[in-house]
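Examining the three-dimensional arrangement
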Amino acid sequence: MDALDIGRATVMACSFSTGSALQLAIENPDRVSRLVLVSPGVPGYELTNPARETALLEEADQAFSQDNIPRALELMERIWLIGPNRTAQDVNPEYLERARTLLKAADRPDNGAQYSDGGWSAQGRLKEIGVPALIITGDQDLPEVLEACDILTNEIPLASQAMIENAAHLPNMEKPRAFDAVLSDWLGETAPAAAGDV
């Protein structure tokens, strides 16, 4: 933001990057006018998945560690792009092909990517966020992501939640019209709070 000479802005983040957005909103509240968190996590909170989903995530990690990249990507597709309660046949094939391309090109453990929040925690601090926040997720996402959405909605004072039907971890890609409609309506409703901001 400093490099772009942006003093204050509406900040939008998806998946792992939502931790950085939360940290910015809490540690630098003067820089954030609104917050949009898509398929979020919550640093510092213990989120849980049922045994089936946990096993899939562990198998994907193991496949990456063994350099079995085709199997790892197959599992990542199953977990994140399709969702635990659907099959590939339930998903729009055009979306799935675009998402597969993104997944193959993304930073992943097999090409050196590592996720770290530096030990920062939002535990007990979400109530410090004093700006409007929109929490968006797909109803076919992992249980831990749905749990994170509930935590954020309940603990951020000005938060509202939107669920995109029949979408997994990338609702903005899978259901773009529904996603854009939700986001556009919310931006319009909260515009006075962000007057003059980017």
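No experiment lies behind these values; they were computed from the predicted model shown.

What to know about the sheet that holds strand 2 (residues 32-38)
The strand order across the open sheet formed by 4 strands is 1-2-3-4, and the pairing between neighbours is parallel. With one partner strand each, in any of the chains shown, strand 1 (9-14) and strand 4 (159-164) form the two edges of the open sheet. On average, each strand axis in the sheet is tilted by 15° relative to the strand beside it, whichever way the strands run. With 4 bridges connecting them, strand 2 and strand 3 (residues 133-138) associate as parallel partners. Note on strand 3: the bridge partner recorded for Val36 is Leu134. Packing against the sheet, helix 1 (residues 18-27) makes contact with strand 1 and strand 2, and its axis sits at approximately 160° to strand 2.

What about the nonpolar core?
Membership of the largest hydrophobic core comes to 24 residues, with the highest contact counts inside it found for Leu22, Leu35, Leu126, Ile129, Leu152 and Ile156. Residues within four places of Leu152 in sequence aside, it is in contact with Leu22, Leu37, Pro40, Gly41, Val42, Leu126, Ile135 and Ala159. If you look at the next biggest cluster of nonpolar residues, it comprises 21 residues, including Ile69, Leu75, Trp80 and Tyr95.

So, helix 5 (residues 143-155)
If you check helix 5, its first and last C-alpha atoms are 18 Å apart, about what 13 residues at 1.5 Å a residue would give, namely 18 Å. Looking at the buried residues of helix 5, the elements they touch are helix 1, strand 2, helix 3 (69-82), strand 3 and strand 4.

Comments concerning the packing of helix 2 (residues 51-65) against helix 3
Each pair of packed helices can be summarised by the angle the axes make with each other and by the distance between the axes. Interaxial distance between helix 2 and helix 3 falls to 8 Å at its minimum, and their mutual angle equals 155°. Overall, the two elements helix 2 and helix 3 adopt an arrangement that is roughly antiparallel. When the axes of helix 2 and helix 3 are compared, the crossing they make is left-handed. In this structure, helix 2 uses Leu56, Leu57, Glu59, Ala60, Ala63 and Phe64 to contact helix 3, whose residues at the interface are Ile69, Arg71, Ala72, Leu75, Met76, Arg78, Ile79 and Trp80. In the contact of helix 2 with helix 3, the residues fall into 11 nonpolar, no polar and 3 charged.

What about the packing of helix 3 against helix 4 (residues 93-105)?
As a packed pair, helix 3 and helix 4 sit with axes 11 Å apart at the nearest point and diverge in direction by 125°. In terms of orientation, helix 3 and helix 4 fall into the oblique class. Considering only the axes of helix 3 and helix 4, their crossing is right-handed. Along its contact with helix 3, which presents Leu73, Met76, Glu77, Leu81 and Ile82, the element helix 4 presents Tyr95, Leu96, Ala99, Arg100, Leu103 and Lys104.

Some details on the environment of Thr153
Positionally, Thr153 belongs in helix 5. C-alpha separation for the pair Thr153 and Asp139, spaced 14 residues apart in sequence, amounts to 15 Å. The residues contacting Thr153, other than those within four sequence positions of it, are Ile135, Ala159 and Gln161. Side-chain polar atoms of Thr153 contact the backbone oxygen of Cys149, separated by 2.7 Å. Only 3.1 Å separates the side chain of Thr153 from the side chain of Gln161, close enough to count as a polar contact.

Criteria and cut-off values
Residues numbered from 1 in each chain as written. Predicted model: local features only at pLDDT ≥ 70, side-chain atom pairs only at ≥ 80, totals over all residues. Heavy atoms only, no water. Pairing = 2+ DSSP bridges. Helix = DSSP H or I, 4+ residues; strand = E, 2+ residues; numbered from the N terminus. Axes fitted to C-alpha atoms, helices over the stretch in contact; angles between N-to-C directions. Contact = heavy atoms within 4.5 Å. Core = buried A, V, L, I, M, F, W, Y, C linked by side-chain atoms within 4.5 Å. Buried < 20%, exposed > 50% of the residue type's maximum accessible area, 1.4 Å probe, protein only. Expected span 1.5 Å × (residues − 1). Parallel < 35°, antiparallel > 145°, perpendicular 65-115°, else oblique. Left-handed = near helix turned anticlockwise from the far one by under 90°. Nonpolar A, V, L, I, M, F, W, Y, C, P; charged D, E, K, R; others polar. Polar contact = N/O pair within 3.5 Å; in protein donor to acceptor, adjacent residues only side chain to side chain.

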